[in-house]
Amino acid sequence: LSLKNLPMNILHKNLDSTKKSVSIPVMTVGGFDADLGEMVLREGKVDMIGMNRRFFADPEYPNKVASGRMDEIAPCTHCGNCNKTYGEPRHCRINPSFGEEQYEIFKVDKPKTVAVVGGGPAGMQAARVAALRGHDVTLYEKSHDVGGALPLASIVKGFEIEDLSDIINYFKGQMEKSGVDLKTGVEFTPAAVSANPPDCVIVAAGGVPNLPDIPGIDKPIVIKSADLYAKLHLPLKYLGAKRLRQATRFWMPVGKSVIVIGGALQGCQLAEFLVKRGRKVTLVATDTELGEGMAPERKTRLFVWFRKKGIAIIPGAKLEEIMDNGLIITTAEGKRETIEADHIIPALPLERNNKLAEELKEKVPEVYTIGDCEHPGIIPDAVADGWKIGNMI
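Residues numbered from 1 in each chain as written. Predicted model: local features only at pLDDT ≥ 70, side-chain atom pairs only at ≥ 80, totals over all residues. Heavy atoms only, no water.

## Thoughts on helix α7 (residues 165-178)
Between its first and last C-alpha, α7 extends 20 Å over 14 residues, near the 20 Å set by a 1.5 Å rise per residue. Phi turns positive, to about 90 degrees, at Gly179, one or two residues after α7. (Helix = DSSP H or I, 4+ residues; strand = E, 2+ residues; numbered from the N terminus. Expected span 1.5 Å × (residues − 1).)

Laid out in structure tokens, this is it:
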């Protein structure tokens, strides 16, 4: 009996009904943690609790709970990344050692001074692992807090199922416990290393926005991610991601009709968010395959939902020109069309960003680029990158 994400009253009703209807032991699974599982067991509503994904995220979960080390538990955020077809390798967003041969962190013989540039998931993971191995680690984040793009992503994703703030809080706590010197509001520059260069710099400063090469991309109708980030910087600082997401139910700097360019995870989730905020959305993609980067089950459900909502989806399109009132495309069938909209939002995977790393190569003995800097991807890719480099240096 899977009861994940059910409201408490419905949860109790379902469990009571099941327990009273059978004479055999009842086990329930699906999104339980130790507290909720303990409550349900004590109330006699079931006989057993089943857990899987929490052990994928942290195999030491039972031991940490038993010893009261709740803040050390690597959180399962229900991303669905471990839900693969049988026979395929399974991976975990927060625990890159899951399914791999190396799962321990070993101390180094000769500690180094390590500077990590960027406080996103890749940088936080690299700093945590490097510090646990004995290195003297300083993490530099130019914004007011760590998290990288996670706070903005959480505004789009929501907090009901995938609470990305759990990832930020976990890594912040881990960095503090492992002795990472965290410097927020400080931009790391090549000039800063001239006086006292570290032994190693790990550049995890994120990728750069990817814009389609199309006439009219600079027109006012286009909302670029960099401009949107700039507008949301102060509201995020003072309101936080959860309150800002709530505020979007009442106002957003986006018109009633929107064209989202991009059919990968970024575009699909943005389209979902905008539809839930009452916008009429047209999803335009140059690729014929949509939903790249999404967990298979999430992708299937989302496109079923899109169909129910009547969302216009145009795959395999050629982008011709952005006009003052919309977008001109050529469809996969060769038909030229004009789609009218109030705004156009490119939501494409990021591009590689190695400028800082190149500038540092003559100044620092070891320079590494990780995460979206090196190969733009999704959260599990970034966390795995941090794990790999943190264990390598």
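Read on for the rest.
## Some words on the environment of Met48
Positionally, Met48 belongs in strand β2 (residues 48-50). In this structure, the C-alpha to C-alpha distance between Met48 and Gly37, residues eleven residues apart in sequence, is 8.6 Å. In this structure Met48 touches Pro25, Val26, Met27, Thr28 and Leu41, once residues within four positions along its chain are discounted. (Contact = heavy atoms within 4.5 Å.)

## Some details on the sheet that holds strand β9 (residues 312-314)
One open sheet accounts for four strands, arranged β9-β8-β7-β13; its pairing is parallel. Two strands in the sheet have a free side with no partner beyond their single neighbour: β9 and β13 (343-346). Across the sheet, the mean angle separating the axes of adjacent strands is 20 degrees when strand polarity is ignored. With four bridges connecting them, strand β7 (residues 257-261) and β13 associate as parallel partners. Residue pairing for β13: Ile261 is matched across the bridge by Pro346. (Pairing = 2+ DSSP bridges. Axes fitted to C-alpha atoms, helices over the stretch in contact; angles between N-to-C directions.)

## Remarks on unusual backbone geometry
The backbone of His78 shows a phi angle near 55 degrees, a positive value even though the residue is not glycine. Topologically, His78 is positioned in the loop between α4 (61-66) and β3 (113-117). Residue classification places His78 among the buried residues on the basis of a relative accessible area of 13%. (Buried < 20%, exposed > 50% of the residue type's maximum accessible area, 1.4 Å probe, protein only.)

## What to know about the environment of Pro75
In this structure, Pro75 sits in the loop between α4 and β3. Aside from chain neighbours lying at most four places away, what touches Pro75 is Ala57, Ile94, Asp166, Ile167 and Tyr170.

## Here we look at the packing of aromatic side chains
Here the distance between the centres and the angle between the planes together describe a pair of aromatic rings. Applying the stated criterion across every chain, the model contains six aromatic pairs. Ring centres of Tyr140 and Phe188 lie 5.0 Å apart, and the angle between their planes is 55 degrees; this geometry places the pair in the tilted category. Of this pair, Tyr140 sits in strand β4 (residues 136-141) while Phe188 sits in the loop between β5 (181-184) and β6 (200-203), and the two are 48 residues apart along the sequence. Considered together, Tyr140 and Phe188 belong to a single accessibility category, that of buried residues. Both rings, one in Trp305 and one in Phe306, keep their centres 5.9 Å apart while their planes meet at 50 degrees; by these two values the pair is tilted. One aromatic cluster in this structure is built from Phe303, Trp305 and Phe306. A cation over an aromatic ring shows up here: Lys276 above the ring of Trp305, its NZ or CZ 5.7 Å from the ring centre. (Phe/Tyr/Trp six-rings, centres within 6.5 Å; stacked < 30°, edge-to-face > 60°. Lys NZ or Arg CZ within 6 Å of the ring centre and 35° of its normal.)

## Some remarks on the side chain of Asp163
Tracing the chain through its elements places Asp163 in the loop between α6 (150-157) and α7. On the basis of relative accessibility, which here comes to 12%, the residue Asp163 falls in the buried class. At 2.4 Å, the side chain of Asp163 and the side chain of Ser165 are in polar contact. Beyond its immediate sequence surroundings of up to four residues, Asp163 is in contact with Thr77 and Lys242. (Polar contact = N/O pair within 3.5 Å; in protein donor to acceptor, adjacent residues only side chain to side chain.)

## Quick notes on the pattern of salt bridges
In the structure shown here, the tally under the stated rule is 20 salt bridges. The network of salt bridges with common partners includes Arg93, Lys157, Glu162, Glu297 and Arg298. (Salt bridge = Lys/Arg side-chain N within 4 Å of Asp/Glu carboxyl O.)

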